[in-house]
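Topology and contacts: notes
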Amino acid sequence: MKKKILFVCLGNICRSPAAQAIMQKYVDDAGLQNNFYIDSAGLYAGHAGELPDPRMRQHARRRGYQLLHHSRPVNTSDFNEFDLIVAMDDSNFHGLRRLAPTIEDQNKIIRMIDYVKGYPQYHSVPDPYYEGAEGFEIVLDLLEDGCRNLLDSLISQQTESN
């Protein structure tokens with residue numbers, strides 16, 4: 001059965017589409033594309049239909065990621081569709097919990113930072129929107145670390161349940 005993961009940030013134009021592309025690359029590189037479905041969304045619908053922020057696309061492209069996702073808002077149906085909903089910061093986490101229709105749906109929501117091991121000084125994946133180039137680079141560093149560890153954790157869980 002396919003594990004479905006939804007990455008969520010505020011506008012779905014920086015962090016969550018980058019996480020989606022990074023995780024998809026890790027899944028593809030591991031030959032696990034038949035085991036996972038990866039998507040992203042935002043809590044704010046004001047960017048709906050837009051490509052990710054050009055600065056994030058540029059920084060991601062330098063690392064080999066193509067950010068082609070078009071922004072979309074989180075929908076109530078996402079809680080039925082996805083097994084895991086990954087919040088980029090505490091504001092996103094609490095916003096998602098308020099939207100979740102049931103307690104079971106609330107339990108699907110996790111924090112990306114809980115999987116980031118190499119950067120203990122960070123307590124969330126910060127929004128780079130108002131930052132310079134360094135902000136986008138650190139977000140990509142955090143997401144690469146977090147996505148790698150999240151995928152390893154999910155593979156371990158699948159192995160243990162088989």
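See above for the structure.
Residues numbered from 1 in each chain as written. Predicted model: local features only at pLDDT ≥ 70, side-chain atom pairs only at ≥ 80, totals over all residues. Heavy atoms only, no water.

Turning our eyes to something else, we now look at the pairing of strand 3 (residues 84-87). Of the two faces of strand 3, both are covered, the one formed by Leu84 and Val86 as well as the one formed by Ile85 and Ala87. In the sheet, strand 1 (residues 3-9) pairs with strand 3 via four bridges, with the strands oriented parallel. By the bridge assignment for strand 3, Ile5 is matched with Leu84. (Buried < 20%, exposed > 50% of the residue type's maximum accessible area, 1.4 Å probe, protein only. Helix = DSSP H or I, 4+ residues; strand = E, 2+ residues; numbered from the N terminus. Pairing = 2+ DSSP bridges.)

The four strands are arranged 2-1-3-4 in an open sheet whose pairing can be described as parallel. Since the sheet does not close on itself, it has two edges, and those belong to strand 2 (36-42) and strand 4 (109-111), each with one partner. Looking at each pair of strands side by side, their axes are set apart by 25° on average, direction ignored. Bridging between strand 3 and strand 4 involves three bridges; their strand directions are parallel. Each bridged residue has a counterpart across the sheet, and for Val86 the counterpart in strand 4 is Ile110. Across the sheet, helix 4 (residues 90-99) lies against strand 1, strand 3 and strand 4, angled at about 175° from strand 4, the strand it touches most. (Axes fitted to C-alpha atoms, helices over the stretch in contact; angles between N-to-C directions. Contact = heavy atoms within 4.5 Å.)

A complete count under the given rule lists 12 salt bridges for this structure. Arg15 is the salt-bridge partner of Asp89, the closest N and O atoms lying 2.9 Å from each other. Note that Asp89 is positioned in the loop between strand 3 and helix 4 and Arg15 in helix 1 (residues 15-29), a separation of 74 residues in sequence. In this structure, Asp89 and Arg15 share a single accessibility class: buried. We note a salt bridge from Glu137 to Arg63, for which the minimum N-O separation is 2.5 Å. Residue Glu137 is located in helix 6 (residues 133-161), and its partner Arg63 is located in the loop between helix 2 (54-62) and helix 3 (78-81); the two are separated by 74 residues in the primary sequence. Since its relative accessible area comes to 24%, Glu137 is described here as partly exposed. Judged by relative accessible area, Arg63 falls into the partly exposed class, the value being 23%. (Salt bridge = Lys/Arg side-chain N within 4 Å of Asp/Glu carboxyl O.)

All right, on to the packing of aromatic side chains then. Applying the stated criterion across every chain yields a total of two aromatic pairs. Centre to centre, the rings of Tyr129 and Tyr130 are 4.8 Å apart; their planes meet at 85°, and the pair counts as edge-to-face. A relative accessible area of 30% places Tyr129 in the partly exposed class. Note that Arg55 overlies the ring of Tyr129, its terminal NZ or CZ placed 5.2 Å from the centroid. Here the guanidinium or amino end of Arg111 rests over the ring plane of Phe93, the centre of that ring lying 3.6 Å away. (Phe/Tyr/Trp six-rings, centres within 6.5 Å; stacked < 30°, edge-to-face > 60°. Lys NZ or Arg CZ within 6 Å of the ring centre and 35° of its normal.)

Next up on the list: helix 1. In this model helix 1 runs 21 Å from its N-terminal to its C-terminal C-alpha over 15 residues, within 8% of the 21 Å that 1.5 Å per residue would give. Of all 15 residues that make up helix 1, 11 are buried, and the element is covered over most of its length. Considered for burial, the residues of helix 1 that qualify are Arg15, Ser16, Pro17, Ala18, Ala19, Gln20, Ala21, Ile22, Met23, Tyr26 and Val27. Those residues of helix 1 that are buried lie in contact with strand 1, strand 2, helix 2, helix 4 and helix 6. Two residues or fewer after helix 1 comes Gly31, characterised by a positive phi angle close to 70°. (Expected span 1.5 Å × (residues − 1).)

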